[in-house]
Amino acid sequence: MTKQCSFTLYSLFVTFLIMFVVVNSQLTTEFYAKTCPNVLKVVRKEVQNAIKNEMRMAASLLRLHFHDCFVNGCDASLLLDGNSNTSEKFAAANLNSARGFEVIDKIKNAVEDACSGVVSCADILAIAARDSVLLSGGPTWKVQLGRRDGLVANISGASTALPAPFDPLNTIISKFQDVGLNITDVVSLSGAHTIGLAKCATFDNRIRNFSGSGAPDTTLDSSLVSELQSLCQSTSDGNNTAPLDRNSTDIFDNHYFKNLLNGRGLLESDQILYSSDAALTATTKTLVETYSNSTSLFFSDFVNSMIKMGNISPLTGSDGEIRKNCRAMN
């Protein structure tokens, strides 16, 4: 064999190897087609059971995926147990707030019974989020799969990267941009608040002493202020809950955006999408108005944004691992 022929074969091999690595590092909707063909059915059944037991769980499972992807990428680092110095569960945005971990445990156990050591916890979070939206009356989409689970949690990242209900609009947009998401993603993904509840502690500042004014937030509907003041007594512990989308609490629809037009967004971070004085509000306000008039456009943009979010820095190939227990590394 000539040197030229050997070099050509070697080049072809290297090219093939590179293509193989690139292709296999990408997420795909058919990732478990051969290794765990029933994974979607298994997850769907468990999510259905969980929502049947508690409607609020749909919002909680969706939120877990969101809070996971914004820290370390979509690697299930949020699910790792630990102490206040290590676990993301102890970050302010998650402590006594992020919930549904026991449901993820049940899903993982069911998946392990179907195909042991194959499906990552990160992928389970992504599938459960999609099913939660669909089973609440929202859109569906083909979930891209192939993520692997991270080997470390990041509590400092969870304390700084996650958007907070008290953040100004520019800060929220910046946090989204830090993970590759844009203003459309900010507004469409905020629409996830069409389902679920929020604790009084997350909006109490708006109903009594907003920004030290000694009065409620002027962008909050006055009749809603009275209702919320009755629910959230000044002497309470802040743990009472109110629906994020009043009059459409458990239905995934565009009613959340209609609320914003009427000053009935529960969280400050919701209402500022329409009422903020920030320079970027013109864009978010237009999107709010558009989504309030078109469920189909909201659903379309929401699906696109969920797929983008699910692609934030996934571990693939030989990176990370497939956890047997979502709460701990193997």
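Above this text sits the structure in question.
Residues numbered from 1 in each chain as written. Predicted model: local features only at pLDDT ≥ 70, side-chain atom pairs only at ≥ 80, totals over all residues. Heavy atoms only, no water.

Describing the pattern of salt bridges
Applying the stated criterion to the full structure yields 15 salt bridges. A salt bridge links K89 to D81; the shortest N-O distance between them is 2.5 Å. Owing to a relative accessible area of 12%, K89 belongs among the buried residues under this scheme. Taking the shortest distance from any N to any O, the salt bridge between D221 and R264 comes out at 2.7 Å. (Salt bridge = Lys/Arg side-chain N within 4 Å of Asp/Glu carboxyl O. Buried < 20%, exposed > 50% of the residue type's maximum accessible area, 1.4 Å probe, protein only.)

Focus: the state of the cysteines
By the definition in use, this model includes 4 disulfides. Between C69 and C74 runs a disulfide, and the two sulfur atoms are separated by 2.0 Å. An S-S torsion of about 120 degrees defines the bridge between C69 and C74 as right-handed. Of the two residues, C69 and C74, both sit in the buried class. Sequence-ordered numbering of the disulfide-bonded cysteines in the chain gives the connectivity 1-4, 2-3, 5-8, 6-7. (Disulfide = S-S within 2.5 Å.)

Section: helix α3 (residues 57-69)
The terminal C-alpha atoms of α3 lie 19 Å apart, and with 13 residues this matches the ideal 18 Å at 1.5 Å per residue to within 8%. Within α3, 12 of the 13 residues are buried, leaving the element largely enclosed by the surrounding structure. Elements that come into contact with the buried residues of α3 comprise α2 (39-53), α4 (101-114), α5 (121-134), α7 (169-178) and α14 (295-310). (Helix = DSSP H or I, 4+ residues; strand = E, 2+ residues; numbered from the N terminus. Expected span 1.5 Å × (residues − 1). Contact = heavy atoms within 4.5 Å.)

Observations regarding the side chain of S136
Along the chain, the position of S136 falls in the loop between α5 and α6 (155-160). Since its relative accessible area comes to 5%, S136 is described here as buried. Not counting residues up to four positions away in its chain, the partners in contact with S136 are A58, I195, D250, I251 and F252.

Geometric descriptors of this kind do not, in isolation, establish any biological role.
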